[in-house]
Amino acid sequence: MQSLRFTALEGLAGVDTTLPEHNGKITEVFGSNVFAGRIVREYLSDEAYKSLMNSIKNGTKLERKMAEQIASGMKAWAMKKGVTHYTHWFQPLTGTTAEKHDSFFTLKGDGTALETFDGDALVQQEPDASSFPNGGLRATFEARGYTAWDPSSPAFILEQGYGKTLCIPTIFVSYTGESLDYKAPLLKALVAIDKAAVDVCNYFDKNITKVTPTLGWEQEYFLVDENLANARPDLLMTGRTVVGHAPSKGQQLEDHYFGSIPERIYAYMRDFEEESYKLGIPLRTRHNEVAPSQFECAPIFEEVNIAVDHNSLLMDIMNKVAKRHKLKVLLHEKPFAGINGSGKHNNWSMATDTGVNLLAPGKTPKTNLMFLTFFVNTIKAVHDYADLLRAAIASASNDFRLGANEAPPAIISVFSGKYLYEVLQEVKSRVSNKFDEQDEAILKLDLHRHIPELMLDNTDRNRTSPFAFTGNKFEFRAVGSTANCASAMTVLNTIVAKTLTDFKVEVDGLIEKGEKKEIAIMQTLRKYIVDSEKILFEGDGYSDEWEKEAEKRGLQNIKTTPKALDAMVTPKAAQLYTETGVYTEKELHARHEILLEDYVKKVQIEARVIGDLATNTILPSAISYLNELISNIRGLKEIGLGDASYKAQTQIAAKISEHINVISENVQAMIEQRKVTNKLTDSRQKAIDYCEKIKPYFDVIRYHSDKLEFLVDDKKWALPKYRELLFLR
Ligand SMILES: NC(=O)CC[C@H](N)C(=O)O
């Protein structure tokens, strides 16, 4: 039987690349499936509308009567659009989104069939959902988990094939109130930063009453022909290729980056964009990324909460729409060795209700001081809690990306850009104990002269930094492409909230001692700059010198997930999270446990896939070719030719045979090691064992498999090759 590889290759020519028919104007479809804006106004009474808006703005609880009215408005809108079912839509710690559909349809006691959706169904559900990761927070026999409506993220309609479902964004918590998802802690972090940032803003402007962090993510991904992907069990099971010889041409010519978008890919992009627009996801950019077959899309920034939901939704849509185009989208951080991986850079800032971006340099000396305050506090937060940011981006898949081919290293540092670096140095050298009002006024003016030079296109970019200032926001580049942005956003907003709170205490302390407010601020900023200087790095983050320099500075460089996660369960982390109200200690430990278990499972699956592939696919291909060589050598001998005539064949046969043996021995050894490791009961130790004792086999097996791929007759190789996966579509 012909291998799937060749069937897939033959099928490629027949792929349809025609563009789907779409409405020309984005504004005509944008948000049409979202219960927001005009639609809410239209379907709700003034009273219900006001109370919903109030709940969104101030987080106040909705009265039951209002919830009833809102549910009825939502149902009317949804049914008009042909919706039959509703679901509480949530983001459990599995990394994907979850939904369990219920129909509006009910039978009353007297047998009347009705469509209903009441306030209770909107506000809270008990989906059971006992199989989601919970880190010991729930025993299965008391598996109650609740989903609770988050009014700050609008309801939307998911269209799928024939069906339409009303989705209510919710948080997912245990019976006793512990969070079991990505969203609940995020919302708490947003409350914490709002309070802390408003307090600090009020030093400068009393009119500011709300600060909302914003997020603009960039989603990188790969696309592979679906049939080719189906012939790669590793892609299907793990999202990455565990073997594969490097193609002769990779990304070295940089001819794919920003190149013209291939027709078939363009059709796919246009299609998932259209789906996204209907759901109010404001996608703006699309382009070819650096690696062959790698692409990127990014929306206009939004409030963090909404942006997180939109990214989770988008990943789901991208997967579904890819099927229509017979493509497979790879969101994994490192689907292919030797070329770029994929990130999900998180562009983060904070906006006030007076319309000011707190990380945009101001127009006047006074607003510049406000900018500087938030800028320095963010740097201090990253400095003090770098280990938590590292933990926030840790995953089995991101471990393959960090520090490899154009991805930031595992060392957390901040890039400020030349101008702001100078500004920080200036504050450091000029603010002293004797610093008086006059000095302050002059410094402020001097800084103001400096800062306006910082036009957006004037700031230098540093792609090698994990956390870079880019003119009016910070770009957290270390976040991986499969990640739920909520992990990074929860940590970042929490640590900045905590730093701002401490900052206020220090400044108020100085004011109480009789210092003028602005001088107190400057002095505290100076202190923060000095304290956090070692986190600032303007150079090449990819270089070996930086690793050495970072070590000298005492910065952590934890390359693997199991140990990076340790930061979550230190006394310092417990204090931070309990003080800000984001996690209880119990929740932190549960989350730590869940992440370790996730790591173990992912590496375990990879180990199994590698073992299977080696035994069932790679070795048989090699042995089959080896047999051909042997009969060839035997034949040449039989017709009386001497050693010299089959020298090459003998050499190739010897090499193949050696690779076969090494692979076979290592697969066996890996299986034996797994048996030992699986017996461990401590999750951390088990994860470390998987990382340090099992993963190293992957590299050895891969090395020898890739050598075989190079030696074995192409027709006998069953797995689609890198050149096919990356260049054929
Ligand atoms: N051009 C780029 O920004 C490359 C980013 C890179 N793909 C990453 O993993 O972060």
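Residues numbered from 1 in each chain as written. Predicted model: local features only at pLDDT ≥ 70, side-chain atom pairs only at ≥ 80, totals over all residues. Heavy atoms only, no water.

*Asks:* Looking at this model, I keep getting lost on the pairing of strand β12 (residues 294–299). Mind explaining?
*Replies:* Across a regular strand the side chains alternate sides, sitting on one face of the sheet and then on the other. Counting buried positions over the 6 residues of β12 gives 6, a clear majority of the element. Residues of β12 alternate between two faces, with Gln294, Glu296 and Ala298 on one and Phe295, Cys297 and Pro299 on the opposite face, all of them buried. Pairing of strand β10 (residues 219–225) with β12 involves 4 bridges; the strand directions are antiparallel. Looking at β12, one finds that Tyr221 is bridged to Phe295. In the sheet, strand β11 (residues 283–288) pairs with β12 via 5 bridges, with the strands oriented antiparallel. Bridge pairing in β12 places Leu283 opposite Pro299. (Buried < 20%, exposed > 50% of the residue type's maximum accessible area, 1.4 Å probe, protein only. Helix = DSSP H or I, 4+ residues; strand = E, 2+ residues; numbered from the N terminus. Pairing = 2+ DSSP bridges.)

*Asks:* Help me out: how do you make sense of the side chain of Glu333 in this one?
*Replies:* Inspection of the secondary structure assignment puts Glu333 in the loop between β14 (327–330) and β15 (346–352). Here Glu333 is buried and forms no salt bridge, its nearest opposite-charge partner Arg401 lying at an N-O distance of 6.1 Å. Only 2.8 Å separates the side chain of Glu333 from the side chain of Ser397, close enough to count as a polar contact. In this structure Glu333 touches Gly341, Ser342, Ser395, Ser397, Asn398, Arg401, Gly480, Ser481, Thr482 and Ala483, once residues within four positions along its chain are discounted. (Lys, Arg positive; Asp, Glu negative; His and termini not counted. Salt bridge = Lys/Arg side-chain N within 4 Å of Asp/Glu carboxyl O. Polar contact = N/O pair within 3.5 Å; in protein donor to acceptor, adjacent residues only side chain to side chain. Contact = heavy atoms within 4.5 Å.)

*Asks:* What should I look at first to understand the environment of Glu593 in this one?
*Replies:* Examined against the element boundaries, Glu593 turns out to sit in helix α22 (residues 585–638). Taking the C-alpha atoms as reference points, Glu593 and Leu565, separated by 28 residues in sequence, lie 9.5 Å from one another. Setting aside anything within four residues of it in sequence, one finds Glu593 in contact with Gly135 and Ser683.

*Asks:* What's the story with the nonpolar core in this structure? I'm lost.
*Replies:* One broad rule of soluble globular proteins: the nonpolar side chains tend to lie buried together. Judged by nonpolar contacts, the single largest core of 160 residues is most densely connected at Tyr221, Tyr268, Phe272, Trp348, Phe374 and Leu708. Not counting the four nearest positions on each side in its chain, Leu708 is found in contact with Ile618, Leu619, Ala622, Ile656, His659, Ile660, Ile663 and Trp717. Counting 24 residues, the second-largest nonpolar core is a separate cluster that includes Val40, Ala48, Ala78 and Leu166. (Core = buried A, V, L, I, M, F, W, Y, C linked by side-chain atoms within 4.5 Å.)

*Asks:* Help me understand the pattern of salt bridges, please; the structure alone is not making it clear to me.
*Replies:* Opposite charge on two side chains permits them to pair, given that their charged atoms come into close proximity. Counted according to the given criterion, the structure contains 45 salt bridges. One salt bridge in this structure joins Glu475 and Arg477, with 3.1 Å as the shortest N-O distance. With respect to burial, Glu475 and Arg477 carry one shared label: buried. Two residues, Asp502 and Lys498, come together in a salt bridge whose shortest N-O distance is 3.2 Å. A residue pair is termed a helical-turn pair when its members lie 3 or 4 positions apart in one helix, as Asp502 and Lys498 do in helix α17 (residues 485–512) at 4 residues. Look at Lys498 and you get buried, because its relative accessible area is 11%. Residues joined by salt bridges that share partners form a network here, namely Glu159, Lys164, Asp271, Glu275, Lys278 and Arg324.

*Asks:* Sorry, what's going on with the packing of aromatic side chains here?
*Replies:* What describes a pair of aromatic rings is the distance from one ring centre to the other and the angle between the planes of the rings. Enumeration according to the criterion identifies 23 aromatic pairs in this entry. When the ring of Tyr86 is compared with that of Phe104, the centres are 5.6 Å apart and the planes differ by 20 degrees; the resulting orientation is stacked. Of this pair, Tyr86 sits in strand β1 (residues 85–89) while Phe104 sits in the loop between β2 (102–103) and β3 (105–107), and the two are 18 residues apart along the sequence. There is no split in this pair, since Tyr86 and Phe104 are both buried. Both rings, one in Phe336 and one in Tyr722, keep their centres 5.1 Å apart while their planes meet at 90 degrees; by these two values the pair is edge-to-face. With Phe336 in the loop between β14 and β15 and Tyr722 in helix α25 (residues 722–727), this pair connects stretches of sequence that are 386 residues apart. As far as burial versus exposure is concerned, Phe336 and Tyr722 are alike and both buried. (Phe/Tyr/Trp six-rings, centres within 6.5 Å; stacked < 30°, edge-to-face > 60°.)

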